[in-house]
There are 4 protein chains.
Amino acid sequence: MTHIRTDLAIEAHEMLTEAAAEITGVTMAQQELHGIPISRVLIESDEAAQKMGKPRGHYVTLELKDLNIAEGSDYENACFALAEELMALLKLSDKSNVLAVGLGNWNITPDALGPKVVQQLMITRHLHTYIPDQIDEGIRPVCAISPGVLGITGMETGEVIRGVTDTIRPDAVIVVDALAARSTNRISTTIQLCDTGISPGAGVGNKRKALNRETLGVPVIAVGVPTVIDAVTITADLLAAAGEAGSKALGLAPDFDPDEGRATLWQSVPEALQQFIVTPKDVDLLIDRVSKVVANGINLALHKDITFQDIDAYIS
Amino acid sequence: MTHIRTDLAIEAHEMLTEAAAEITGVTMAQQELHGIPISRVLIESDEAAQKMGKPRGHYVTLELKDLNIAEGSDYENACFALAEELMALLKLSDKSNVLAVGLGNWNITPDALGPKVVQQLMITRHLHTYIPDQIDEGIRPVCAISPGVLGITGMETGEVIRGVTDTIRPDAVIVVDALAARSTNRISTTIQLCDTGISPGAGVGNKRKALNRETLGVPVIAVGVPTVIDAVTITADLLAAAGEAGSKALGLAPDFDPDEGRATLWQSVPEALQQFIVTPKDVDLLIDRVSKVVANGINLALHKDITFQDIDAYIS
Amino acid sequence: MTHIRTDLAIEAHEMLTEAAAEITGVTMAQQELHGIPISRVLIESDEAAQKMGKPRGHYVTLELKDLNIAEGSDYENACFALAEELMALLKLSDKSNVLAVGLGNWNITPDALGPKVVQQLMITRHLHTYIPDQIDEGIRPVCAISPGVLGITGMETGEVIRGVTDTIRPDAVIVVDALAARSTNRISTTIQLCDTGISPGAGVGNKRKALNRETLGVPVIAVGVPTVIDAVTITADLLAAAGEAGSKALGLAPDFDPDEGRATLWQSVPEALQQFIVTPKDVDLLIDRVSKVVANGINLALHKDITFQDIDAYIS
Amino acid sequence: MTHIRTDLAIEAHEMLTEAAAEITGVTMAQQELHGIPISRVLIESDEAAQKMGKPRGHYVTLELKDLNIAEGSDYENACFALAEELMALLKLSDKSNVLAVGLGNWNITPDALGPKVVQQLMITRHLHTYIPDQIDEGIRPVCAISPGVLGITGMETGEVIRGVTDTIRPDAVIVVDALAARSTNRISTTIQLCDTGISPGAGVGNKRKALNRETLGVPVIAVGVPTVIDAVTITADLLAAAGEAGSKALGLAPDFDPDEGRATLWQSVPEALQQFIVTPKDVDLLIDRVSKVVANGINLALHKDITFQDIDAYIS
């Protein structure tokens, strides 16, 4: 079986299904919400978790039709759909207070999604402390931090966030992060929510790094968007896209399979070449757009009865 | 007695001395180190602390001769002098690990000093964990964070840092912050170190906000540089600088005293006007320069036997 | 007579009127447009131009009610009003092509208004060259540049823009710049349009620096917003605001006049102190907001029958 | 013959040589300068120019040993070597004035090399105008501009720069730009100088776009550094690096040639996939480093008898 290298549960599921692998313990459902296609993957057994390379839990994927999100209604529908799915996972009470965490390195464009989302959130926890009488009903106490990455802080992100949650004691944590996908056409167009938090190096079992209910003591919802693919993946994609004439000219086997090709390349290519990242030319722009959708989806989920105008007035 | 509004102990001392106030419990000494004038103020009694508007402890002031720090040797001497004074306050052992905290809002230029310093520090704590064999002797474990301000995070900075120190358990904390001074010519040219930490709203006694040995459980050294003055202060400075003819034309009392004038203005001017801040035109540039001096002074204090070239190679 | 130091014609007019100076050759009218108060000053004679310290021409001032521009309709009304006034000054034909110029230094927050506005404009000139068939009717060819300031380029801005206009040959030029005002409450709330271009050091007669019809050969409309005041002005404002008790305590003459005080201070205060600039604490935020209003006012003026959604879709 | 897609003359030469193509009219020489390997390619005939896909002229390549440039002497040697090669191409007199142009889009990290270099240059032309007596001998008048790209300005860069040179009349122009290479290991480590300027879409013959002696009327020296490769190139590189076992597993022809593979892929892969760019993960950092080498090489070439300390004092 090919080893699965993707942060998206839906891609892991696709790969297993294509490979005709038996995957009892995984259920998959699809639906459309506000015009946005939604997929829900539920991993129920430990065996399925191991096969999928993901912890047991709920994984929800939203697919944005268009990178441009030019039309106002498409953009608003994406925010509404994200908000509803997020509310279903968060299960907040009226008084719940939430900590949002923007993971990633703000100095590296494709890794800056988390910090970019966080700076567009409606931060209100301090208002509940200092001017409780001036806050509209439905505005929950929300706080946020973008701690930076290991190379910048010298601290595991898990350590920093555990320290903050121990002091602040939120009722839930939302972590936002940039993901890697295995398909070029998911970049900036797919949003994944899950209730399993973030487990970097999942296979390694390094508990200091994980951000989940087990390590933080409260529910942890992760929101992620693929922003890069790796050099091996684009190679497999290009070979698969070369067509019959191209494949023949390259001397490729006629039954070339991109997933197998990817697995082969991971094993045979020097590490130095694997370190390259592949992004669309306009990655800065794409991340600006999708970060606004994610931020406002979260804003609409955390605060009740607010409008886009309320958010604009609060944030800008 | 005029109320003292300055973050600098040396200015508070000057004001009291000028006012001929009795200040037993405060000693003051001056010295030159690497060509840099150093002043040391020691506040020993509670009574003196109250008069000075500062907690009991050591306050060290370095005065950079020139904003430009153009010549290489002046710049390096400033770093060396800062490093030596910092080492004297920190009293680290060879194995001490240190957390540096950059206070302030990175979106507001004159408040961004702390974050700017932190991003120029040699962060090494993670290397002690992951590649201990590859670290030169003398390189202590250093970690750092710039948590952001209340309006950005919704959390008191003291809460965030207390959470982080509880988890990371450093042997000492260095906090870097932009200060307010009462004199235009101290902006970006004065560096103050103290062993009393930071106590925002010192008179108010809000413990959640303080960053000091009492709240964090370890020694806290504060490093600050004045980057702004307030509108009231520039007004008093301008009036005092108007000269005899100017004062007469303005109808000012001939014995106008800027400190009394400042106190009067604080009481009589509407709050909206007090909210203006005054900076030199080239404040962005000045903060870039002084933040490099502060960062490298800290780097030289925390790591033994390193050169400026080592730092450049590590940071850039 | 006090020398007039303000970039705003309306302030110059107020000062002259207050001083009861005779100002034949200047007419002033007021109106409300989309709920926005508009003032129009017309300087018709050379004598009036000299008294006002401004070239002969039309000066239009819009006053935004609120810094926050929180409500969507207030913001849109400000854009619409600006667009209509701009169209009246520009007198474009359907085929006119326009060059927009963002003046100022993008590294200094209060001076970055011009570059910030320019980067939010709908740039379309290249589309008319490369994909003329795909452009909607009403979209005029618009190009733009933010040339940087003398210290960054080593070239007078006038030289750079004259070179570009000689090659590009636009039908009109719009220059956007940050201004100085004499009143704190105009910062980020007042937008001035004029058909006289920009004449830095107007009194000096340095033609290389001016950006106007005479130097560029085409109509030049200037759009400006006050973003700073100087230290002398805030001093005069604070003294005037000190009230009776404050004035008495300061020893100020009971008939203290802020305009005369300002003039006196300009003459008596050392230049080093005059170099300080005064801004609101949240100047970064204020400039972001007002630059969006200016940019979209220009967008609505230059392109026909477009909506805010069209602009968002095009720009972001 | 495979079509050559590289901005580097040295790569074009290698490809032709490997392909055993006859290339009379091209000479190649190698040398070491300050410890930096230098290659010089001279294209002398029109026929050779066509084969190489580059205009007739001199192309000089410097190869930096190490991405890190950690040691001070390596960094300084790279600057000195670049400065000497640049002086040889520029042939300035003592009074020559030079315009530097930073090409590329400052919003897209790997395309921001030109603007980043320009902002580290010693700009002095305005000092020769305003304070000629205070300038040290040997400091030539240098001005600079980063005009932005077509999508930002709506104007061809060639148009903007032609307008500026017509007004400013420099004796020489230096254009700095990010390049594409065909080899991953040239990214940020190779600097190419040439005296043929920049000819985007060289085959197309679009004169409005070229920046060279023909279009600007003065010598134009181009300085470029590869910062990206395209998705097709990384694919060919990965396949070539897959080794015997990998190639067999992929079903690749045993005599797979990466240059032929690249040519085949360009023809067979959909354009959407070709639009991806490939960079090292730490591209932001790499560009910061190499831009400092390029800037200071230019500074040392344009101004006589200056030291690195002089530059630091002037720039920062």
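Note that the structure is predicted; figures quoted are calculated from it, not measured.

## Topic: the packing of aromatic side chains
So, point 1. Within the structure shown, the criterion is met by eight aromatic pairs over all chains.
So, point 2. Consider the rings of Tyr75 of chain B and Phe308 of chain B, whose centres lie 5.6 Å apart with planes at 50°: the pair is tilted. With a gap of 233 residues between them, Tyr75 of chain B in helix α3 (residues 72-90) and Phe308 of chain B in helix α14 (residues 308-315) connect regions that are remote in the sequence.
So, point 3. On the basis of relative accessible area, Tyr75 of chain B is assigned to the buried category, the value being 14%.
So, point 4. Overall, the relative accessible area of 13% leaves Phe308 of chain B in the buried class.
So, point 5. Each ring, one from Phe80 of chain D and one from Phe308 of chain D, has its centre 5.5 Å from the other, and the planes form 75°; the classification is edge-to-face. In this pair, Phe80 of chain D is assigned in helix α3 (residues 72-90) and Phe308 of chain D in helix α14 (residues 308-315), connecting sequence segments 228 residues apart.
So, point 6. By the ring-pair criterion, three or more aromatic residues cluster together here, those being Tyr75, Phe80 and Phe308 of chain A.

## Things to note about the interface of chain A and chain D
So, point 1. Contact residues are listed per partner, giving 36 residues for chain A and 36 residues for chain D.
So, point 2. Across the chain A/chain D interface, buried area totals approximately 3100 Å², and carbon plus sulfur atoms make up 70% of it.
So, point 3. Across the chain A-chain D interface, the total number found is zero salt bridges.
So, point 4. Joining chain A to chain D, the criterion identifies two residue pairs in polar contact (both at pLDDT 80 or more).
So, point 5. At the level of elements, α9 (231-240), α10 (243-250), α11 (258-268) and β9 (276-280) of chain A are the ones that each hand at least two residues to the side of chain A that touches chain D.
So, point 6. Ranked by residue count, the leading element in the side of chain A that touches chain D is α9 of chain A, at seven residues.
So, point 7. For the side of chain A that touches chain D, the class distribution of residues is 22 nonpolar, 11 polar and three charged.
So, point 8. Relative to strand β9 (residues 276-280) of chain D, β9 of chain A runs antiparallel, the two sharing five bridges. Looking across to β9 of chain D, one finds that Pro280 of chain A is bridged to Phe276 of chain D.

## A short note on the state of the cysteines
All names here are of chain B.
So, point 1. As enumerated under the stated definition, the model contains zero disulfides over all chains in all.
So, point 2. Left unpaired, Cys79 is separated from the closest cysteine sulfur, that of Cys194, by 20 Å.
So, point 3. On the basis of relative accessible area, Cys79 is assigned to the buried category, the value being 0%.

## What to know about the relation of the copies chain B and chain C
So, point 1. Superposition record for chain B on chain C: RMSD 0.0 Å, screw rotation 180°, translation along axis 0.0 Å. Expressed as an axis order, the relation between the two copies is that of a two-fold axis.
So, point 2. In this assembly the copies share their binding face: 100% of the residues contributing to the interface of chain B also contribute to that of chain C.

## Considerations on the interface of chain B and chain C
So, point 1. Of the residues lining the interface, 36 residues belong to chain B; the matching set on chain C comes to 36 residues.
So, point 2. Here chain B meets chain C over a buried area of about 3100 Å², counting both sides, of which 70% is carbon and sulfur.
So, point 3. On the chain B side of the contact with chain C, Leu238, Leu250 and Phe276 of chain B bury the most area, a combined 21% of that side's loss.
So, point 4. Inspection of the region where chain B meets chain C yields zero salt bridges.
So, point 5. Our count for the contact surface shared by chain B and chain C stands at three residue pairs in polar contact (both at pLDDT 80 or more).
So, point 6. Elements with a contribution of two residues or more to the side of chain B that touches chain C: α9 (231-241), α10 (243-250), α11 (258-268) and β9 (276-280) of chain B.
So, point 7. Among the elements that line the side of chain B that touches chain C, the one with the most residues is α9 of chain B, at eight residues.

## Brief notes about the pairing of strand β1 (residues 26-33) of chain A
Residue and element names in this part refer to chain A.
So, point 1. One ladder, built from eight bridges, connects β1 with strand β2 (residues 36-43); its direction is antiparallel. Its bridge partner being in β2, Thr27 is matched across the sheet by Leu42.
So, point 2. Taking the residues that link successive antiparallel strands as the turn, the β1-β2 hairpin has two residues, and the phi of His34 there is positive, at about 50°.

## Quick look at the environment of Asp312 of chain D
Residue and element names in this part refer to chain D.
So, point 1. Within the fold, Asp312 resides in helix α14.
So, point 2. On the accessibility criterion, Asp312 (43% relative accessible area) is partly exposed.
So, point 3. As a C-alpha pair, Asp312 and Met122 span 190 residues in sequence and 9.4 Å in three-dimensional space.

## Considering helix α1 (residues 9-18) of chain B
Residues and elements named next belong to chain B.
So, point 1. Of all the 10 residues making up α1, seven are buried; the element is thus mostly covered by neighbouring parts of the structure.
So, point 2. Here α1 has its buried residues at Ala9, Ile10, Glu11, Ala12, His13, Met15 and Leu16.
So, point 3. Buried-residue contacts for α1 involve β1 (26-33), β2 (36-43), α2 (46-52), β3 (57-63), β7 (190-194) and α11.

## Here's the deal with α10 of chain A
So, point 1. Among all positions of α10 of chain A, only Gly246, Ser247 and Leu250 of chain A are buried. For α10 of chain A, the angular spread of the buried residues around the axis is 100°, confining them to a single face. In α10 of chain A, the exposed residues that point more than 90 degrees away from the buried face are Glu244, Ala245, Lys248 and Ala249 of chain A.
So, point 2. If you follow the buried residues of α10 of chain A, they end up packed against α9 of chain A together with α11 (258-268) of chain D.
So, point 3. Directly after α10 of chain A, the chain includes Gly251 of chain A, whose backbone phi takes a positive value near 80°.

## Examining the side chain of Ser96 of chain D
Residues and elements named next belong to chain D.
So, point 1. Mapping Ser96 onto the fold places it in the loop between α3 and β4 (98-102).
So, point 2. Since its relative accessible area comes to 7%, Ser96 is described here as buried.
So, point 3. Looking at Ser96, its side chain comes within polar contact range of the main-chain nitrogen of Ser93, at 2.8 Å.

## Here we look at the packing of α11 of chain A against helix α10 (residues 243-250) of chain D
So, point 1. Where α11 of chain A meets α10 of chain D, the closest approach of the two axes is 9 Å, and the angle between their N-to-C directions is 180°. Classified by the angle between their axes, α11 of chain A and α10 of chain D sit roughly antiparallel to one another. Across from Gly261, Thr264, Leu265 and Ser268 of chain A in α11 of chain A, the residues of α10 of chain D making contact are Gly246, Ala249 and Leu250 of chain D.
So, point 2. Within the contact of α11 of chain A with α10 of chain D, the residues separate by chemical class into three nonpolar, four polar and no charged.

## Some details on the confidence of the model for chain A
So, point 1. When pLDDT is averaged across chain A, the result is 87; 92% of the residues are at 70 or more.
So, point 2. Under a pLDDT of 50 for its full length, residues 201-205 of chain A has, in the predicted model, zero contacts with residues more than four places off or in other chains.

## Considering the pairing of strand β3 (residues 57-63) of chain A
All names here are of chain A.
So, point 1. Buried residues dominate β3, accounting for five of its seven residues.
So, point 2. With six bridges joining them, β2 and β3 adopt antiparallel strand pairing. Paired with Ile38 across the strands is Leu62, a residue of β3.
So, point 3. When β3 meets strand β7 (residues 190-194), the two strands line up antiparallel, connected through five bridges. Looking at the pairing, Tyr59 lines up with Cys194 of β7.

## Considerations on the pattern of salt bridges
All names here are of chain A.
So, point 1. Going through the model one piece at a time under the given rule, you end up with 44 salt bridges over all chains.
So, point 2. Ionic pairing is found between Arg186 and Glu63, a salt bridge with its closest N-O pair at 3.9 Å. A residue pair is termed long-range when its members are at least 10 positions apart, and Arg186 in the loop between β6 (172-180) and β7 and Glu63 in strand β3 qualify at 123 residues.
So, point 3. What makes Arg186 buried here is its relative accessible area of 9%.
So, point 4. Salt bridges here are not isolated pairs; linked through shared partners, they connect Glu11, Glu14, Glu63, Arg182 and Arg186.

## Thoughts on the environment of Tyr314 of chain B
All names here are of chain B.
So, point 1. With respect to the helices and strands, the residue Tyr314 is situated in helix α14.
So, point 2. Judged by its relative accessible area of 32%, Tyr314 is partly exposed.
So, point 3. Considering only alpha carbons, one finds Tyr314 and Ile123, 191 residues apart in sequence, at a separation of 9.0 Å.
So, point 4. If sequence neighbours within four positions are ignored, Tyr314 has contacts with Met122, Ile123, Thr124, His126 and Leu127.

Definitions and limits used
- Residues numbered from 1 in each chain as written.
- Chains lettered and ligands numbered in written order.
- Predicted model: local features only at pLDDT ≥ 70, side-chain atom pairs only at ≥ 80, totals over all residues.
- Heavy atoms only, no water.
- Phe/Tyr/Trp six-rings, centres within 6.5 Å; stacked < 30°, edge-to-face > 60°.
- Helix = DSSP H or I, 4+ residues; strand = E, 2+ residues; numbered from the N terminus.
- Buried < 20%, exposed > 50% of the residue type's maximum accessible area, 1.4 Å probe, protein only.
- Contact = heavy atoms within 4.5 Å.
- Buried area = accessible area lost by both parts, 1.4 Å probe.
- Salt bridge = Lys/Arg side-chain N within 4 Å of Asp/Glu carboxyl O.
- Polar contact = N/O pair within 3.5 Å; in protein donor to acceptor, adjacent residues only side chain to side chain.
- Nonpolar A, V, L, I, M, F, W, Y, C, P; charged D, E, K, R; others polar.
- Pairing = 2+ DSSP bridges.
- Disulfide = S-S within 2.5 Å.
- Least-squares fit on C-alpha atoms with pLDDT ≥ 70 in both.
- Arc of directions from axis to C-beta.
- Axes fitted to C-alpha atoms, helices over the stretch in contact; angles between N-to-C directions.
- Parallel < 35°, antiparallel > 145°, perpendicular 65-115°, else oblique.
- pLDDT = per-residue confidence, 0-100.

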